[in-house]
Amino acid sequence: MKRLKIADGIHMLTMNVEDILFEGIWEIANGVTLNSYIVQGEKTAIIDGVVNWDGAPETLFKSLEEIGVDPQSIDYLIVNHMEPDHSGWISHFRKIKDDFTILCTDRAAKLVASFYDEDKIKVVKEGDTLDLGKGKVLSFHPVPNVHWPDTMYTYERSTKTLFSCDMFGAFGRMKDHFFDDEMTPEEEAFFEFEGIRYYSNVMTTFTLALRKAIEKARSLDIGIVAPGHGPVYRKNPQKIIDDYIRFARYAEGTGKNEVTILWGSMYGMTAKAIEHAESILQREGVKYNKLHMPLNSESEAVATVFQSAGIIIGAPTYEYKLFPPVAAALSELGRKRITGKTAFRFGSYGWSGGAEKELKEIVERNYMKWDFVESVEFEGAPKEEHFAKVEAGVMELLKKMREKVVE
Ligand code: FEO
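Worth saying up front: this structure is predicted, and the values here are computed from it rather than measured.

A look at the overall build of the chain
Phase 1: Scanning the chain from N- to C-terminus turns up twelve helices and 21 strands.
Phase 2: Here the chain has a C-alpha radius of gyration of 24 Å; the compact-globule value for 407 residues is 22 Å, and the two agree.
Phase 3: Each principal axis of the C-alpha distribution contributes one length, and for the chain these read about 75 × 40 × 35 Å.
Phase 4: Residues counted as buried form 59% of the 407 residues belonging to the chain.
Phase 5: Here the contacts in the chain between residues at least 6 apart in sequence split such that 73% fall between residues at least 24 apart.
Phase 6: Put simply, the chain shows about 16,800 Å² of open surface, and 49% of that area lies on carbon and sulfur atoms.
Phase 7: Where the 50 positive side-chain charges of the chain centre and where its 63 negative ones centre are 3 Å apart.

Points about the side chain of His 11
Phase 1: Tracing the sequence through the fold places His 11 in strand S2 (residues 10–17).
Phase 2: Relative accessible area serves as the criterion here: at 14%, His 11 is assigned to the buried category.
Phase 3: Those residues in contact with His 11, other than ones at most four positions away along the chain, are Leu 4, Lys 5, Ile 6, Ser 36, Tyr 37, Ile 38, Gln 40 and Ile 67.

A few points about the packing of aromatic side chains
We describe a pair of aromatic rings using the distance from one ring centre to the other and the angle between the two ring planes.
Phase 1: With the rule as written, the count across this model stands at 19 aromatic pairs.
Phase 2: Between Tyr 318 and Phe 323, the ring centres sit 6.3 Å apart and the planes meet at 75°, which makes this aromatic pair edge-to-face.
Phase 3: Taken together through their ring pairs, the aromatic side chains of Phe 168, Tyr 199, Tyr 244, Phe 247, Tyr 250 and Phe 306 make up a single cluster.
Phase 4: When the ring centre of Phe 100 is taken as origin, the NZ or CZ atom of Arg 94, which lies over that ring, is 4.0 Å away.
Phase 5: Directly above the ring of Phe 179 sits Arg 234, whose terminal nitrogen or CZ lies 3.7 Å from the centroid.

Thresholds, definitions, all that
- Residues numbered from 1 in each chain as written.
- Predicted model: local features only at pLDDT ≥ 70, side-chain atom pairs only at ≥ 80, totals over all residues.
- Heavy atoms only, no water.
- Helix = DSSP H or I, 4+ residues; strand = E, 2+ residues; numbered from the N terminus.
- Rg over C-alpha atoms; globule rule 2.2 N^0.38 Å.
- Buried < 20%, exposed > 50% of the residue type's maximum accessible area, 1.4 Å probe, protein only.
- Contact = heavy atoms within 4.5 Å.
- Areas by Shrake-Rupley, 256 points an atom, 1.4 Å probe, with all protein chains shown as cover.
- Lys, Arg positive; Asp, Glu negative; His and termini not counted.
- Charge placed at Lys NZ, Arg CZ, Asp CG, Glu CD.
- Phe/Tyr/Trp six-rings, centres within 6.5 Å; stacked < 30°, edge-to-face > 60°.
- Lys NZ or Arg CZ within 6 Å of the ring centre and 35° of its normal.

Structure below.
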């Protein structure tokens, strides 16, 4: 666990977590950080108390001591969001100290009570404040459905610090650099994609609520954005707010000026058409990504499709339906409410079609409203006429996606 000073009287404790499935689902190829914040006035508050993933609280106690905070002196535990990656310390802390107060929203209070059997809870509402002394005043601002209904921001007035919890967060481990002004261009690009991965994997189902949360953040005078995952933004806090505004647009069909090929092939017939589509993209100078399902993870597939303005789906018929790993990825995209993408599908079939029918069912069942170029299907291996149709489909996709590009 690392200890970093954010401002006078405010520290961040952060640690990397790896080799887990986030939320029990998402492969996090590059890990994730869990950030806690300590605010010290005459009284002391800890915001989002996290523990090692194995539940051991010792590193947190040790880190507190190293920044001169006796765990016994902590008066308030502020739970911005009850999901255990932000609140896991509660039951450990209760074992060593009995007289502290948990502050959270009314929705979080029910969860804290049911998950941790806690009853010393003070419910806070929009604009409520907590004066810690020595000029440190915290205010509370619920942002429901980011991405749970219980979530709130905590804002420290003297330093204009927004403790934003999941909002403005990113996957990705932090090694030596923790603040936006320390990042190299490579690290900036890394955390931009890890932010997209975080938004698309964890948050995007709630994009309408996230837009409201963005507006609430914009109503505050922010000097520092201190999220529960990923870097702290102190030089240019507007950058991560603008990124999240863009991500919310990606959820509704816009994307970077690039194509993602989401594909699978049983015996290489559909793969021949994929190769042809790639040659067209290369000829046209279009950036593209390839996601070979099921070899790539759904985390990667959701994030990469999410950020792309154009999608090519290359998948054959399998047992009268769409090739299952591609169907599963598309269903996940639908469940995540990633709508309005511009797409083109082709694929092989043997004794019967069926892939196209299931593709339409997935899109309709999930209200995805994707805009499709006419699909191309071929019996067995693709022939010259099919390659020509694939080329025409790719060119039509590139034309249609132009109006969806947002960089
Ligand atoms: Fe970072 Fe919703 O947990």
